[in-house]
Amino acid sequence: MNMPLLKTEPQIAAPAPAIAEVLRFDPVKPGYFKAKILPRLGAVAANLLPPLVMLALILAVWQILCMKPGATLPSPTKIWSEAYDLIVDPFFVAGPQDIGLGWRVLTSLQRVAIGYGLAGVIGIMLGTIIGQSVWAMRGLDPIFQVLRTISPLAWLPISLAAFRDSQPSAIFVIFITSVWPIIINTAVGIRNIPQDYRNVAAVLRLNHLEFFWKIMIPSAAPYIFTGLRIGIGLSWLAIVAAEMLTGGVGIGFFIWDAWNSSRLSDIVVALVYIGIVGFILDRIVAFVATIVTRGTAAN
Amino acid sequence: MTAYLKIDHVDKIFNRGSATTEVLKDITLTVNKGEYVSIIGHSGCGKSTLLNIVAGLTPATQGGILLEDREVNEPGPDRAVVFQNHSLLPWLTVYDNVRLAVDKVFSGLKSREERHAWTMHNLDLVQMGHARDKRPSEISGGMKQRVGIARALAMEPKVLLLDEPFGALDALTRAHLQDSVMALQQKLGNTVLMITHDVDEAVLLSDRIVMMTNGPSARIGEVLDVTLPRPRKRLEMAANPVYLKCRQRVLEFLYERHRFVEAA
């Protein structure tokens, strides 16, 4: 029974004809507009429409709630008419204290830039040291954990006493508020450098500086940026509060000033400015993070 | 012939709190220049610890490592390691991973152009020149390991240390990479010390197989010379009596005389 079966095998294994008819239907090519523009517009609309609809709803509810006579807070339409100049032109200059909110935000941003910049540099340096050394970690971590819970405003009198000037005090408050998350996250990132990378560095005999730039910073970058992102949010929170107390030019002082002269509409506009600027700051740091840490995600 | 690499009476004791574990006991092994030596044993027998001691990543408790009659006790590019999990830096491209090693080892010896050429030469050796601009996350496990090998070779090490280099790969990729390593060693004449737990891999690749007993206090149980001529062809080996005998011998050692005992 086996023999005939074996004999038929070569026939089965005979090569199939190499050329087979290939059928192909070229797809109908849609126009450029239909293929490229339309889907993109759709995607943009899908992202933009829901928040816009919600915004309109919130404004409508707000309008209804604040329309009745005797309302304590201004309605959106009232704000629009009262604070029209502040809304439409952020960069007008009508006098030494009568300037657009854009200028005030820029002044505040300047303070944030200095304080946050210092916090970034010092925070990453301290975090690196603490992440490297078990003893520095044991000694400093409890102290940092206590210090970081102190409200930015609580630091202000101390810094005013130390610096005797409002400008450095405000910057110090920014610094002291945003430095803790940067230190702590950097330290965690440094501690979590995989042993593999340390081994590679050891075999290559990288010196301390090379190890710092080529292994430590890239490896800890996702953690460092988490700290930086929390830090920028905190410093923007702190600057408004600090400026309210220290005075001068700035978005925080503007709110305090408006409150003292009962310009509630101006306050609401300033709040919107603060929110939008804070959002943009957060996005900028997040954007830098995605560029810098691209490729550092685990393989 | 004096030994090129000598592992001289190495003991390793780990202290954790009050508990001490003797991992390695009196390991003495010599490797000649151009020789391919495999160390095989069950997991947990301390073979990776031994490789780390040779690499200088872990200090020996007793004894030491001699390379060309000079003691080495810290890591260095003369003993390049190919790590089991490739250990490429994920933020660098394939090229930059190798280039980092080349720049470090040949910083004062080669010009910029020469270092570039040497980097590309080593990538081409492992057939990874085409992926030079990719990041490790964008290439397969086998390719990553190739780049790891290129990085190690680029250091022009005196001894190439392979720590279960094919362990994390699927069977087909593994066979392919083993053939590549064999061809490379044939071509370059590297001295290789490889850790493995794969019997076929050990017999196919090695000139000598060092079998380790189970830990704690693991020692060298037996050393087997593999006298098969090179180049060796995987398919021909399957029926080669010497190959089968060697294989049988290692299997007997691992599964009869020193059966793996699950730690309690």
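Everything here concerns the structure above.
Quick caveat, the model's predicted, so the values are computed rather than measured.

Caption draft 1: View of the overall build of chain A. Assigned secondary structure in chain A consists of 12 helices and 0 strands. For a compact globule of 299 residues, the expected C-alpha radius of gyration is about 19 Å, and chain A comes in at 30 Å, more than 25% above that figure. C-alpha extents for chain A along the principal axes are approximately 110 × 60 × 35 Å. Scored against the burial criterion, the 299 residues of chain A give a buried share of 36%.

Caption draft 2: Representation of the packing of helix α5 (residues 101–132) of chain A against helix α8 (residues 166–191) of chain A within the structure. Residue and element names in this part refer to chain A. Where α5 meets α8, the axes come as close as 6 Å, and the angle between the chain directions of the two elements is 30°. Between α5 and α8, the interaxial angle falls into the category roughly parallel. For the pair α5 and α8, the crossing hand works out as right-handed. For the contact of α5 with α8, the residue count by class is 18 nonpolar, 10 polar and 2 charged.

Caption draft 3: Main features of the sheet that holds strand β5 (residues 70–72) of chain B. Residues and elements named next belong to chain B. One open sheet holds the 4 strands; their spatial order is β2-β1-β4-β5, and the pairing between them is antiparallel. Whereas interior strands pair on both sides, the edge strands pair on one side only; in this sheet they are β2 (19–31) and β5. Strand after strand, the sheet turns through a mean of 35° between neighbouring axes, direction not considered. Direction of pairing for strand β1 (residues 5–16) relative to β2: antiparallel, over a ladder of 9 bridges. Bridged to L5 within β2 is V31. Of the strands in this sheet, β1, β2 and β4 (62–67) are in contact with helix α1 (residues 47–55), which crosses β1 at around 115°.

Caption draft 4: Looking closely at the sheet that holds strand β6 (residues 79–82) of chain B. All names here are of chain B. Strand order in the open sheet made by the 6 strands is β6-β7-β8-β3-β9-β10, with mixed pairing throughout. Strand pairing shows two members of the sheet lacking a second neighbour, β6 and β10 (220–225), which therefore form its edges. The average undirected angle you get between the axes of adjacent strands in this sheet is 20°. As judged from the 5 bridges shared by strand β3 (residues 36–40) and strand β8 (residues 191–196), these two strands associate in the parallel manner. Across the sheet, I39 pairs through a bridge with I195, a residue of β8.

Reading the values: the criteria
- Numbering of residues starts from 1 in each chain and follows the order in which that chain's sequence is written.
- Whichever chain is written first becomes A and whichever ligand is written first becomes 1, with later ones labelled in order.
- With pLDDT at 70 or above as the cut-off, local features in this predicted model cover only qualifying residues; side-chain atom pairs require 80 or more to be listed or tallied, and sums for whole chains, interfaces and linings still use all residues.
- Heavy atoms from the whole structure form the basis of all side-chain values; hydrogens and water molecules are not counted.
- In this text, helices come from DSSP runs of H or I with a minimum length of four residues, and strands from runs of E with a minimum of two, each type numbered from the N-terminal end.
- Only the C-alpha atoms count toward the radius of gyration. The rule for a globule is 2.2 Å times the residue count to the power 0.38.
- Each residue's exposure class comes from its accessible area (1.4 Å probe, protein chains only) as a fraction of the maximum for that residue type: buried when under 20%, exposed when over 50%, partly exposed otherwise.
- Between N-to-C directions, angles span 0 to 180 degrees; the directions come from axes that are lines fitted to C-alpha atoms, helices contributing only their stretch in contact.
- Should an angle lie under 35 degrees it is considered roughly parallel, over 145 roughly antiparallel, and from 65 to 115 roughly perpendicular; all remaining angles are considered oblique.
- It is the rotation of the near helix from the far one that decides the hand of a crossing: anticlockwise by less than a right angle makes it left-handed, clockwise makes it right-handed.
- Three classes are used: nonpolar for Ala, Val, Leu, Ile, Met, Phe, Trp, Tyr, Cys and Pro, charged for Asp, Glu, Lys and Arg, and polar for all others, with Gly counted as polar.
- Strand pairing is defined by DSSP finding a minimum of two bridges between the two strands.
- When checking whether two residues touch, look at their non-hydrogen atoms; a contact exists if any pair is within 4.5 Å.

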